[in-house]
Structure formats: structure tokens, C-alpha cells
Amino acid sequence: MRLEARAEVSRTLQVAAPFAAIAVTLVVCSLLVAWSGAPVGGAYRLLLEGAAGSTFAISETLTRATPLIITGLAVTVAFRAKLYNIGAEGQLYAGALAAVGVANAGLSLPTAVVFPLVVAAAMAAGALLLIGPALLKTRFHVDEVVTTLLLNFIALLFVSMMLDGPMKDPMAMGWPQSVAIPEELELGKLAERSRVHSGLLIALALAVVVWIVDRFTAFGFEMRAVGANARAAAFAGLPVQAVVLKTALLSGALAGLAGAIEVMGRAGYVTLDMSPGYGYSGIVIAMLAQLNPLGVVAAAIFVAGILVGADSMSRAIAVPTYIADVIVAASLIAMLVASMLARYRIRFK
Amino acid sequence: MGITKRFGALVANDSISLELARGEVLALLGENGAGKSTLVSILFGHYVADEGTITAFGEPLAPGDPAAALAAGIGMVHQHFTLADNLTVLDNILIGTEPLWQPFSRRRAARAKVRETAARFGLAVETRRKVSELSVGERQRVEILKALYRGARALILDEPTAVLTPQESRDLFATLRQLVAEGLSIIFISHKLDEVLAVSDRIAVLRHGRLVALRAVAGATKAELAELMVGRKVVMPTRERGALGAPVLQVRGVHARDAHGGVLLDDVDVSVRSGEIVAIAGVAGNGQHALAQLLSGTLAPDRGTVELLGRRLSATPRDWVAARVARVPEDRHAIGVIGDLTVWENAISEHLRTAAFTRAGFVRRSASRMHANSIVHRFDVRLSGIDVPARSLSGGNMQKLILGRALSVGASATPTLIVADHPTWGLDIGALAYVHQCLLDAASAGAAVLLISEDLDEIFALADAIAVMFHGRLSEARPAKTWTLSEIGLAMAGGGEAGSDEVTRAA
Amino acid sequence: MSGDILDVVAGIPFWVAVLRIATPLIFGTLGVLLCERAGVLNLGIEGIMVVGAFTGWFAVYQGATLWSGVGVAAIAGAALGLLHAVLTVPLGLSQHVSGLGVTLFGTSLAAYAYRVLLPRVTTPPTIEPFAPMTSLGVPLLSTQTPLTLLALALVPLLAYALNRTPAGLAVRMVGENPGAAEGQGIDVIAVRMWTVVAGSALMGVAGAFLTLSAFNAFFFNMVNGRGWICVALVVFASWRPGKALAGALLFAAFDALQLRLQQTSGAKLPYQIYLMLPYALSILALVVMARRAAYPQALMKPYRKGER
């Protein structure tokens, strides 16, 4: 068996790839659904209803999609430059913590000033967490996958430490959660009786901004060039190390921002379980979107739909919610294969 | 018989039929891309032919299986050595000779057999050393031993002298004669006419994937073979030697070391004047790569100075590009272009952050595309559009793009210096002639040209002055007319000035 | 403080803990080492360990013997390893992303299976784990369980297999120069795939140790990053089994030390700081060794036969 590169990669194949991957995933995972004893068709119908079957469902999906869009963008930006940022989870928590910290720092400044400060602090926290591994990669050639992964654990322990100590909410009766974001800094709701908040608009705007930067700016050019072929980029005079570091700052900042927006829009305070793996899901989203910032929005809504739908489904029938995580993980693997098939033909000889 | 091999739309081998007799040396002659390597790779089982059969020693050979080829007595010495650097010589020879399910390895017996085989054919190696410690000639001996250890009765050698000095090549030919005396048959691939005439019994000429001629060595002439290889009389550009101007590039006393402290460049001096073409000859791996990097702005010297028009340049590509140095790198696929980016993006990659192509952080698309179109037009780059990924260009067109980009510094002004590193490697004769013409035209217009090449024909065709590189040291650049072929060969092997302090290794 | 440390290190109970902590690391690191020597980075280890932990435990919970449980875990690990092998070797997909996919898949699959098979439990059910080998009579080893002995025995065994057998040479060669191996008649794809499967089986056993020996039940988050630590340890070990053992023991020693320090030095530092140390140490190990890394030259380069 061997792989033969297709002479021309058609657009249709490339666009069809994620859909094919998702379809295959759902078929394979239906076996797991059947295993739990529930009827497959019924289960998937409940999943779909839970994700998009009512205004409430759609609002829940969009609420969940908000941080996923931003972590998806964070991962996309990094992966474009071949920087494997697996630490988005930790960066998200760091951003959330920084946001709450600065918001409650007792600064007697008008809200219009504190708000951007809080956001900036979150972005700085996320960026800082990624800059270490990025420097280790550029200076010492240390693989960033393992370093960013290990930092996730360290970051979470740090948050736990802060929640037990200095940032503990004294009125939470012993439950480890942080002091809340002051009300004036909360992101407004977009619709009554739903949890959708203006963070969604920020997320969408960010997707457009990242797309513009990637496609039209000189920095975007440099990021793509370095990611495609760092040696050739260096030969052409592009500042490879600087580009990698700037990419790291951008990616980390986006992940930190995702944390801040979650805190300011949905959660209100930081807890240890505020992110059910948004950082890792960001990787799946980035791959499903084939590293296209606009595609990230669609992919994020899809993943959010699966998560929300599975929650709702599990309340109705006895299918564990973990099916959502299995579907998401399986679609990552399926997407890898699908995007390869779009570019190569398999020949059996 | 009737071997046909296609790679997509490219027909690499077209119905080729050949026979090899016992104790015979058959040479496969042809230009780069004629299909020689493909044919022998099919023979050895690296590729599978689309049509055709192979019969070895009376038995049909199963296609696509190197193990079957080895079992049938066919051995191959690859052009790019297939050796694992981190493993020992014995390991490299032993791999694949013992069944994988066996829980032990008969290393002592193997070592003895290697020594015996080596002695029989006159190839000396130390089995305990790691391949990374060996010289190029020694590595080739290990490659040959791999095949002989397994009892090869027919040996394929793919461009074996590409990396050898003339002296090492002579030793190789002696080894080949020894092999033939012991009854082996040999297929010898080369594009060097002199070698082929010296070593072989019969010559098969391939051109564009077809077998165009089969000649006995007796009575074949270089001119006849060259014409068969190329298919027509090629008019090579001729040089009018114009007046030479002031020195443009001056390299003095440059020393450079690599990350492990190994010497890359040793007290290198060279200077090129405006309108002059200086060629650096030498066997690959003697420091040419480092010299090219030095003159592209990607290597900083430990000692010594590099001056362009009297000004010292820093080791950043940007500085060199800004100083109007046109750089044509050795490996066009890996370094010359960024394959996944489009043609127009590659056209501006060296000048991205200049006012011409970037405004307020945004890329000026229309200006960039105009620039790309201009290059494509002036340098005859054949493509379907400037929005295709650069990797889809053929080798010749890619090189023209790179050349065009390098030579188009600011409107149609001539660059100050052109650094051309193996600019015609792997190109067909038409593209090669085109590149040569570009370089000659640029020199006539006043550019200083530094050419690094292993192709002595190319060097003698273009150069005003020639210097030879050996072990990081550069000989004095003497006018081309004053060099004889044997003097250059000697210098390339370390005799003469460049390596006068070195003892020439007995290859 | 230094007096504390000396007291702790001098005592036998400390080294008992070290061996116990090191065992899953030894299995896991040897597993990753094997895969990487053949040229394949296997980041699925974290998920494979979870799956191994769960399947091994569940098999015993359903009545199988402890060693059968270990076998089941190895097979489960091998199965996930096969998935990773198919994706990365013949299909040549990104080894990083494929490995992460396998980890996410394995972790979530184990959680799902747990909930499906045990829908109404609130506290994790327990099983009877491996008992210490008191019959051995050797002071340090008699407090350990059989899996630890297996891990220690595996180190010289693997070293011998890699360095002195034809199969081991084949593994090393495909990790250094697959083209050379191919030219000598070795089926590169097959060797790589088999090696990844074998290495993944070891990773499964590493997970089984957690549920069948160290603890006696399956918890979510029980692997807790040990897989990633093994990946770092392989670099630290320069891809050699002997050094892998040394690295695992060294790391386990630090881990055991921080556990004791937590208990003895009272509430001076928040416990999270102590828990951070293992991960920080792993990063340090990576940095220290990265400069001198003599890694297998074909690591992470997919092998495409006959491609121009």
C-alpha cells in the first residue's frame, strides 16, 4: 500500500473533509451509544435537539462556543507557525485568574479604564505562560509539546493554590472559588433568559481579525512562511526566532483572553472546574477548521453543540455525557485522516 | 525487458530493455533526469515498474522487494549512501542478514566474514567504528561491502564518483576491476563521459526515459556519446571577456567553525571584481556550503572580514539583500522557495518588509503581484498562474523564479554581487544554458559573480578565475586559462597549494 | 531541613516508596523509548495508561486473576498503539497530533466505559491488588509487588534485545535511516508498527500497575501526567534503557522526597508547591538534555516508500 500525491488538490475535497470526518465519527460512535443500551437514532436525535432544538438550546450552544472559538483561534495561530501550543488549558486558567485578580485589586479608576486593564492582564498572563516554552524551543530546541503540557499541570496547581489562599472568596463557605468579578465589569447578556453574553461578539470579531492578520498583513505572511519552511524563511531574511516568539505571545494572549471572557461573561468567578478541557478541544477545533480562522467559528459551534447536546441527552436517557468527549476526540483522528485523503490517493499494489 | 515506469504524468522510463552479461561492466549514461536512477531502483526493488519484467540469473525477479533482489544476488551502492550514522560499520552491514525472530546475533562470525570479504576485494574498513566518523571514501567502501557480504553477483553503482576526488575515483575503478576479475557483473551509472569510457565494456545511453543507443566501448567517442545524451547540438553561450572593474567583494582571513567546533572555513581569502566571474571548484563537502552561507548572510565568521564595496556586512540575510546581493541557493526546494506559499508570495519574500511591498503592516498585494508577473515574464517562468503554490513548479522553472527574484533588485538594475551555489544542479540542458546566459549577461552589465560548482564543464565555460576548495581552505584564484584539468583534480584532492600542509589520504 | 532530608533518605521506607513510584515510570518510559528508537513519537501514552489502568482493573473486578488483568491491560494498550501506528506509519500523519488524539480518545473512552459499565456507583469499587512478595526475603524487594520485579527485569532484557538481537538492530536501523534498512531487505513499515504496538503494550501495563498494585480502584485523573513525564524521561535517558531506569529512580526519589517533606515540614509551604515539583523537574530534565540529544535520526520523519 502506498500514498500517491494528488496532482491537484480540489477545493471541494478540502471543504468536504471535515464533514466527512464528522460523519464517520458519528457512525463509529453510534456503536458506543448502542453499547450503553440506548437506541442510536433516538440518542442522536436527543443530541441534536439538545444542541439546536430550541432557542434555549441554541443559546447554550453559543455560550459554550464562545471560549471554544477563542481557544481554537489560539491554537490555530500557533499551529500555523508550527508551534504546538498544547498549553491553552493552563493559559486559559491563568488569564481567568489574572482577570479576577486585577478586577479586585481595589483600583479606584473608572470602569472604562479598569476593563481594558483586566483584559490586558489576562492576555499578558496567557502570553507569559507560553513564552517560556517558546524560548526553550528557539534557544535550546526543546520540544514545546511536552513543556506546554507539563505547564498545564503546574498552572492548575498554581490556580488551586491561589484559590485556597490569597484569592479565596471568603463568602463561599469553604468551597474553593475565587472572589467574584465586580458587576460593572461583567459582560452583558445578549438575550434575556439566556446565558449568551457579549463575549460571543468579541469572539467573532477576533476570528475576523485573526483571519485578516493571517491573510493580509506582513506578520501573517511571516507566520505562514516560518510555519511552512523555517529554513527557507531564514534564508529569505525573515526573522524566524522573533516570529515564533511573537506568535507565542499572540497565541498565549488569546488563550488567556478566553479565560477572562469566560469569567466575565459566564462564570463570574474562577473555579477549578471552569474549563472542561477547552484548551484541548481548541486543538480539535483548529484541526477541523484546517487552521483557517473563519472555519474555527464553525468548528467551535460544532464542538459546543456536541458538548451541550450530550449533556441534555444524558439527562433524558442513560448515555453518559462522556460520549461527547469521545466524539470530539474521534473527530480529531478522523479529521487527520480526511485531510490526508484530500491531498493523497491510496494505492494498493 | 520492456521496463516502463510512470510517476503521475511523468514517464520516467519508457519501454527500456537491457541485458547484462556475466563479468561485464555496463555503463548507463545520461543527463540528470534521463531516468537512469529510476531504472536501477526498479531493478533493486525500491520502485515497482508499471510494465515490464526483470529476469536475474535465469529466474524471474519479484518486483518491489529489495530482499528478493538481494537474495537473487543483486546489490546496490546508492548515490546518497544508505548508512545509519549513529550505528557501527558492522551494524550497517549486518542488518537484514539474520532472521528477525532469532534471539541472538552472531557478531563474531560476522566480523570475521566482513574482514575476509574486505581482504578479498581490497577494501579496508574497521568494523567497530561508527559511520559518522568515517570519510566519504570509507563510507562508500562500507556500502560496497554491504552488497559483497551478502554474496552479490551483480552490483549496481549509482553515480559513485559524484562525491570522490579524482584520486579516490581511481581507487574505486581499481576495485571495480578486481570485482570483475572475481566474476561479478557491474552496472555503472554516470553522466561523466571520461569515466564511462575508461571503465565500461558497453554503454547504454538514456535520454528522456528512453534507451537511445547501446554501444561497445571500442570505437565510441566522447563527441558521439555527448550528442546521443543530449539529442542535439547545443549551442553554449560564449563569453566575451569585457573589462574588469574595481573589487566588489573582498573576503579576508575568514575562519568559521560549526557548532561542534569542527573547522568549516580555514583562512579563506577571495575577491571578485565588477564584471568578473570567479568560480570555486571542489568536491562536495569541503566547505563550499559554509562559503555559500557566509556570502548569503547566514553564517558569521569567527575571524576575518567580509566586505562589499568596502563596507562590512553583518550576518543577516536582510543586510545582504539590502546591499543588492543576488543569492541563488544550492537547494532550491528546501531553501530557495517556501513551497506552500504562492509564486507571487515567494517573489517578494526577500523584500517583504520594504516600503515597496508592505504599507502600515499590510502586504501591498497589487504591487507584489505586479512584481511577480514582471519576473515571470522576463525570466520565462512557465506556470499556470502566480497563485499556485511554488512547489508545483518544475525544477527548471523554480530555478528561473529564484534567479529572477534574485536578479530583480529594484527595477532592472543589476545586482552588485551574485552568489550562485550550484545553480544548474539537476536542470536539463535547456534550462542550464538559460541560467548560464543570465549569469554572463549580468557579468557583462557589471555585476560581480561568485560561482560555486562541482561541474568542471560549467566552471571552464563561465569562469574568469578559478579557486579550489579543500578541507575548508581556498587556493589562490588563478585565471581559468592557467589551470589544467589534472592540476584542478590534484587541488580538489588536497595536493597543491590548497592542501599543501595536508597529507593526502590514501583513499 | 537538610537534617530532615538525610533522615528521610537513610530510611528503608523511603526506598520502598521510591521503587513503588518508579515502577509505572519504568514501564512507561521503556514503552516510549521503544517507539522512539524506531522513529515514532508516541504521545498517546497518557491515554494508553488510562485505558490500561481501567481495563486491567475492570477485568479483575469481573473475576479475572491479577496477571490476566495485566495481560488485558497490555492488549488494550497494544490496540490503542495499533491505532497510533496505523495513523503515523503507513499513513504518515503528524505524530504529534495523532498521539494527542489517541490520548484524548483513550481518556474519554475509559471514562465513558466506566460510566456505562458501572452506572450507579458513587465511590470507586475496589479489588484485591497484588500482594507484597514477602516470601522473597530480600529486604527492599520483599515489600514490592511482582510487577515491580518485572519492571526491573525488563530493563536489562530490553537493552539486550535492542543491542544484541537482529530484531533490535532492525528497530534501531529504522529509527536511524529507514532507507538503509529498506535497502537491506527490512520491511520498515512492519518493523515500526510492531515496535509501536509492543511499546504501547508496555504503556498499558504501566497503567495497570496503578490500579492493580499501587492502588486498588480506578479513579478519574489517576494517571495525572505520568505519561508526559515518561516522555521527558526518555530524552533524559538518551534513549537507553539503563539510563531510563536511572532517570525513573531519580525522579521517583524526588517525588518520594517531596511527599515526605510535605508530611514532616508541616504547613510551611502550600501542598500545591510540592505537587508542582515533579512537573517542573521534568521540564528541567528536558532542558538539560536537549542540548546534547543524540536522538534517533529518523525520529518523527514519516517514511514513504517509493515517493519521488
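About the criteria used
- Residues numbered from 1 in each chain as written.
- Chains lettered and ligands numbered in written order.
- Predicted model: local features only at pLDDT ≥ 70, side-chain atom pairs only at ≥ 80, totals over all residues.
- Helix = DSSP H or I, 4+ residues; strand = E, 2+ residues; numbered from the N terminus.
- Buried ≥ 20, exposed ≤ 12 C-beta atoms within 10 Å, placed from the backbone.
- Contact = placed C-beta atoms within 7 Å.
- Rg over C-alpha atoms; globule rule 2.2 N^0.38 Å.
- Pairing = 2+ DSSP bridges.
- Nonpolar A, V, L, I, M, F, W, Y, C, P; charged D, E, K, R; others polar.
- Core = buried A, V, L, I, M, F, W, Y, C linked by C-beta atoms within 7 Å.
- Domains from an automatic or database assignment.
- Axes fitted to C-alpha atoms, helices over the stretch in contact; angles between N-to-C directions.
- Parallel < 35°, antiparallel > 145°, perpendicular 65-115°, else oblique.
- pLDDT = per-residue confidence, 0-100.
- Expected span 1.5 Å × (residues − 1).
- Right-handed = clockwise from strand over helix to strand, strands pointing away.
- Left-handed = near helix turned anticlockwise from the far one by under 90°.

J.: Explain the overall build of chain B to me, using residue names and the numbers behind them.
T.: The helix and strand inventory of chain B stands at 17 helices and 23 strands. For chain B, the proportion of its 507 residues judged to be buried stands at 46%. In chain B, of all internal contacts separated by at least 6 residues, the share reaching a separation of at least 24 is 68%.

J.: With reference to specific residues and values, describe the overall build of chain A.
T.: Of the regular secondary structure elements, chain A holds 13 helices and two strands. For 349 residues, the compact-globule estimate of 2.2 N^0.38 gives 20 Å, and chain A sits close to it at 21 Å. Taken across its 349 residues, chain A has 58% of its residues classed as buried. Within chain A, residue pairs in contact and separated by at least 24 positions form 78% of the contacts whose partners lie at least 6 positions apart.

J.: Outline the sheet that holds strand 11 (residues 247–257) of chain B, supporting the account with residue identities and numerical values.
T.: Residue and element names in this part refer to chain B. Across the sheet, which stays open at both edges, the four strands sit in the order 12-11-14-15 with antiparallel pairing between neighbours. Among the strands making up the open sheet, the edge pair consists of strand 12 (263–273) and strand 15 (311–312). Strand direction decides the pairing type here: strand 14 (residues 303–308) and strand 15, joined by two bridges, are antiparallel. What sits directly across from Glu-307, in strand 15, is Arg-312.

J.: Describe the interface of chain C and chain B, naming the residues involved and giving the relevant values.
T.: Interfaces are often described in size by the accessible area the parts lose on coming together. Counting from both sides, the interface comprises 22 residues of chain C and, opposite them, 27 residues of chain B. Counting residues per element, the ones that place at least two in the side of chain C that touches chain B are helix 7 (166–176) and helix 8 (178–183) of chain C. For the side of chain C that touches chain B, the element with the highest residue contribution is helix 7 of chain C, accounting for seven residues. Taken together, the residues of the side of chain C that touches chain B break down into nine nonpolar, eight polar and five charged.

J.: How would you sum up the nonpolar core? Please name residues and give values.
T.: By size, the foremost hydrophobic cluster in this structure holds 393 residues, and its most contacted members are Ala-99 of chain A together with Leu-233 of chain C. Sort the elements by how many residues they give to this core and helix 9 (residues 188–214) of chain C lands first, with 16 residues. The two domains that each donate at least three residues to this core are domain 1 (3–230) and domain 2 (247–337 + 414–499) of chain B. In this structure, Ala-99 of chain A is in contact with Val-118, Ala-121, Ala-122, Gly-259, Ala-260, Val-263 and Met-264 of chain A, ignoring residues within four places of it in sequence.

J.: Could you give an account of the interface of chain A and chain C, with specific residues and numbers?
T.: Of the residues lining the interface, 41 residues belong to chain A; the matching set on chain C comes to 39 residues. Of all the secondary structure elements, the ones that give two or more residues to the side of chain A that touches chain C are strand 1 (2–5), helix 1 (11–35), helix 5 (111–140), helix 6 (144–164), helix 11 (278–288) and helix 13 (322–343) of chain A. At 12 residues, helix 6 of chain A tops the list of elements feeding residues into the side of chain A that touches chain C. Here the side of chain A that touches chain C is built from residues that sort into 33 nonpolar, five polar and three charged.

J.: Could you give an account of the packing of helix 4 (residues 107–121) of chain B against helix 5 (residues 136–149) of chain B, naming the residues involved and the relevant values?
T.: All names here are of chain B. Packing of helix 4 against helix 5 leaves a shortest axis separation of 10 Å and a crossing angle of 110°. Considered as vectors, helix 4 and helix 5 are oriented roughly perpendicular to each other. Across the interface between the two elements, Lys-113, Val-114, Thr-117, Ala-118 and Phe-121 from helix 4 touch Leu-145, Leu-148 and Tyr-149 from helix 5.

J.: Would you mind going over unusual backbone geometry in detail, with residue names and values included?
T.: All names here are of chain A. With a phi angle near 55°, Gln-290 is a residue other than glycine that sits in the positive phi range. Considering the arrangement of structural elements, one finds Gln-290 in the loop between helix 11 and helix 12 (293–316). On the basis of neighbour count, Gln-290 is assigned to the partly exposed category, with 18 C-beta atoms found within 10 Å.

J.: Provide a residue-level description of the confidence of the model for chain B, including the pertinent values.
T.: Residues and elements named next belong to chain B. Scored by pLDDT, chain B has a mean of 81; 89% of the residues are at 70 or more. Within the model, the stretch residues 4–10 combines pLDDT values under 50 with 20 contacts to residues more than four positions away or in other chains. Within the model, pLDDT remains below 50 along residues 497–507, and this stretch shows 23 contacts once partners closer than five positions in the same chain are excluded. Here the complex is predicted with pTM 0.87, and the ipTM for its interfaces comes to 0.91.

J.: I'd love a proper account of helix 3 (residues 55–80) of chain A, names of residues and values included.
T.: The terminal C-alpha atoms of helix 3 of chain A lie 35 Å apart, and with 26 residues this matches the ideal 38 Å at 1.5 Å per residue to within 8%. Downstream of helix 3 of chain A by one or two residues, Lys-82 of chain A has phi in the positive range, about 60°.

J.: Describe the domain arrangement of chain B, with residues and values.
T.: According to the domain assignment, chain B consists of domain 1 (3–230) and domain 2 (247–337 + 414–499). Taken over C-alpha atoms, the centre of domain 1 of chain B sits 32 Å from the centre of domain 2 of chain B.

J.: So what about the sheet that holds strand 6 (residues 74–77) of chain B? Which residues, and what values?
T.: All names here are of chain B. On the basis of which strands lie adjacent, the open sheet formed by six strands has the order 6-7-8-3-9-10 and mixed pairing. In this open sheet, the two edge strands, each paired with only one partner strand, are strand 6 and strand 10 (210–216). Averaged over all adjacent pairs, the angle separating strand axes in this sheet is 20°, with direction ignored. Here strand 7 (residues 154–158) runs beside strand 8 (residues 185–190); their pairing, made up of five bridges, is parallel. Bridging across to strand 8, Leu-155 finds its partner in Ile-186. Sitting on the sheet, helix 1 (residues 36–44) touches strand 3 (25–29), strand 6, strand 7, strand 8 and strand 9 (202–207), and the angle it makes with strand 7 is about 145°. In the packing of helix 5 onto the sheet, the strands contacted are strand 6 and strand 7, and the crossing angle to strand 6 comes to about 170°.

J.: Describe the environment of His-333 of chain B, listing the residues and the values that go with them.
T.: Relative to the assigned elements, His-333 of chain B resides in helix 11 (residues 332–336). Distance from His-333 of chain B to Met-398 of chain B, taken between C-alpha atoms, is 8.3 Å for residues 65 residues apart in sequence.

J.: Could you give an account of the pairing of strand 20 (residues 448–452) of chain B, with specific residues and numbers?
T.: All names here are of chain B. Taking burial as the measure, the five residues of strand 20 include five buried ones, the bulk of the element. The two faces of strand 20 match: Ala-448, Leu-450 and Ile-452 on one face and Val-449 and Leu-451 on the other face are all buried. Here strand 19 (residues 417–421) pairs with strand 20 via five bridges, running parallel. The residue of strand 20 that forms the bridge with Ile-418 is Val-449. The parallel pair strand 19 and strand 20, bridged by helix 15 (residues 429–444), forms a crossover whose chirality is right-handed.

J.: Could you give me a rundown of the environment of Pro-278 of chain C, with the residues and numbers involved?
T.: Residue placement: Pro-278 of chain C occurs in helix 12 (residues 271–290). The residues contacting Pro-278 of chain C, other than those within four sequence positions of it, are Ile-229, Phe-254 and Asp-255 of chain C.

J.: Before we move on, can you summarise the packing of helix 3 of chain A against helix 12 of chain A with the specific residues and values?
T.: All names here are of chain A. Close contact between helix 3 and helix 12 brings their axes to 7 Å; oriented N to C, the two are set at 135°. The orientation of helix 3 relative to helix 12 falls into the category oblique. Where helix 3 crosses over helix 12, the handedness of that crossing is right-handed. Between helix 3, through Ala-57, Glu-60, Thr-61, Arg-64, Ala-65, Leu-68, Ile-69, Gly-72, Leu-73 and Thr-76, and helix 12, the contact on the second element is made entirely by Pro-293, Val-296, Val-297, Ala-299, Ala-300, Ile-301, Val-303, Ala-304, Gly-305, Leu-307 and Val-308. Considering only residue class, the contact of helix 3 with helix 12 consists of 15 nonpolar, four polar and two charged.

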